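What follows is each chain in one-letter form.
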Amino acid sequence: MTRKIIIDTDPGIDDAMAIFLAFNAPQLDVLALTTTFGNVAVELATKNALILSEVAGVNVPVAQGVAVPLVAAPLPPPDFVHGSDGFGNINWPAPKGQADERSAAQMIVDLVHQYPNQVTIVALGPLGNLAKALALDPSIAELVDEVILMGGADKEPGNVSPVAEANIINDPHAADIVFTASWQVTMVGLDVTHRVMINDKFLDNIRQADTDKQCGEFLYQATQFYFNFYQQTFDIEGCYVHDASTIVYAIAPDIFTTTPGVVRVATEGVAIGQTIVATPGKHYAVNFWQDKPVTNVCVGVDSERLLSLIATTFNA
Ligand code: RIB
Ligand code: CA
């Protein structure tokens, strides 16, 4: 049986890889793309989501979501990582299609009710749409199969501050709402995504294998900018596989090792955006973690299997 997923996204070069992977995976049925600010402004994220579905030749609804964080001051879009078009400045032609009239939060609520207990939300950006959907209809927490999110870090340092990962620091209040709601959350954070890397050759193989669509060519072109960022900033050849790792988790969770943890998010001060993971049931002198839901925190990954699953899904 295929797994029904909604992808909440801020495309984004690595979001593009995740979305193409999901479209290509026979194990998944992508019900909708919902968009958020993050790597780019939300209007551009929506345009980019439409471009990705058209490049892949997939007819899937796209719904636009939140433009700013719930409470925190917005951070500027990281155009030095993803380019000003979000796709490494490749200036791909505008999409022909249009977004759904509903908001992302409404789309999530509607689909969860249409398919009770069958929908997994895979979140690849800041978490405002999920928080808004919960506010719109709190009953969805009991009706969602699982939330798999790329974000946060337990033992691994952050990538925006020494402790904060990008998707969480972009809307820390929303992230705290998502981690403390009564649905099953799996956190695919930097502890695992920093263990998985791809390089130019890996994407070239996908490009060569993709003879009937333009996904491989698109990914290859867009990722050159991302590779340059990694080269110049970290002196690394290649890049980490952030967002696509969540899609792999949705297909084959046994590629990861997880540990139960109660996750709270620092919403202000020098630690803003930090995901603070407590041992379930352990008594602390302060009660921020007490009686909160337990998250599945990814702490290990079989990188070879993960990369092989991506390659085979793209027939490479
Ligand atoms: O920290 C990695 C995350 O931030 C990914 O979702 C990537 O797209 C960036 O926005
Ligand atoms: Ca993303």
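Heads up: the structure comes first, above all this text.
As the structure is a computational prediction, the values presented were derived from the model and not from experiment.

Rules of the game
- Residues numbered from 1 in each chain as written.
- Chains lettered and ligands numbered in written order.
- Predicted model: local features only at pLDDT ≥ 70, side-chain atom pairs only at ≥ 80, totals over all residues.
- Heavy atoms only, no water.
- Donors = N, O, S within 2.8 Å, 3.2 Å for Na, K, Ca; no water.
- Helix = DSSP H or I, 4+ residues; strand = E, 2+ residues; numbered from the N terminus.
- Buried < 20%, exposed > 50% of the residue type's maximum accessible area, 1.4 Å probe, protein only.
- Salt bridge = Lys/Arg side-chain N within 4 Å of Asp/Glu carboxyl O.
- Disulfide = S-S within 2.5 Å.
- Expected span 1.5 Å × (residues − 1).
- Contact = heavy atoms within 4.5 Å.

Turning our attention to the coordination of the calcium ion (ligand 2). Looking at the calcium ion (ligand 2), the protein donor atoms are Asp 10 (OD), Asp 15 (OD), Asp 15 (OD), Leu 124 (O) and Asp 243 (OD), and they sit 2.3 to 2.6 Å from it. Sequence spacing of the donors to the calcium ion (ligand 2): D-x4-D-x108-L-x118-D. Highlighted residues: Asp 15 in helix 1 (residues 13-24) and Leu 124 in the loop between strand 4 (119-123) and helix 5 (128-136), separated in sequence by 109 residues. Each member of the pair, Asp 15 as well as Leu 124, is classed as buried.

In this section: the pattern of salt bridges. Following the criterion strictly, the structure yields eleven salt bridges and no others. In this structure, the salt-bridge partner of Asp 100 is Arg 102, at a minimum N-O distance of 3.0 Å. Using a relative accessible area of 26% as the deciding quantity, one classes Asp 100 as partly exposed. Here Arg 102 falls in the partly exposed class, since its relative accessible area comes to 33%.

The tally for this structure, following the rule as stated, stands at zero disulfides. Here Cys 215 is not cross-linked by a disulfide; its sulfur's nearest cysteine counterpart is in Cys 239, at 17 Å. Judged by relative accessible area, which is 2%, Cys 215 ranks as buried. Looking at the unpaired Cys 298, the closest cysteine sulfur is the one in Cys 239, lying at 19 Å. Exposure remark for Cys 298: the relative accessible area of 1% places this residue in the buried category.

Along its 20 residues, helix 11 (residues 215-234) runs 27 Å from first to last C-alpha, staying within 8% of the 28 Å computed at 1.5 Å per residue. What helix 11 keeps buried is the set Cys 215, Gly 216, Phe 218, Leu 219, Tyr 220, Ala 222, Thr 223, Tyr 226, Phe 227, Phe 229 and Tyr 230. Contact partners of the buried residues in helix 11: helix 1, helix 2 (42-56), helix 3 (79-82), strand 7 (197-198), helix 10 (200-209) and strand 8 (239-240).

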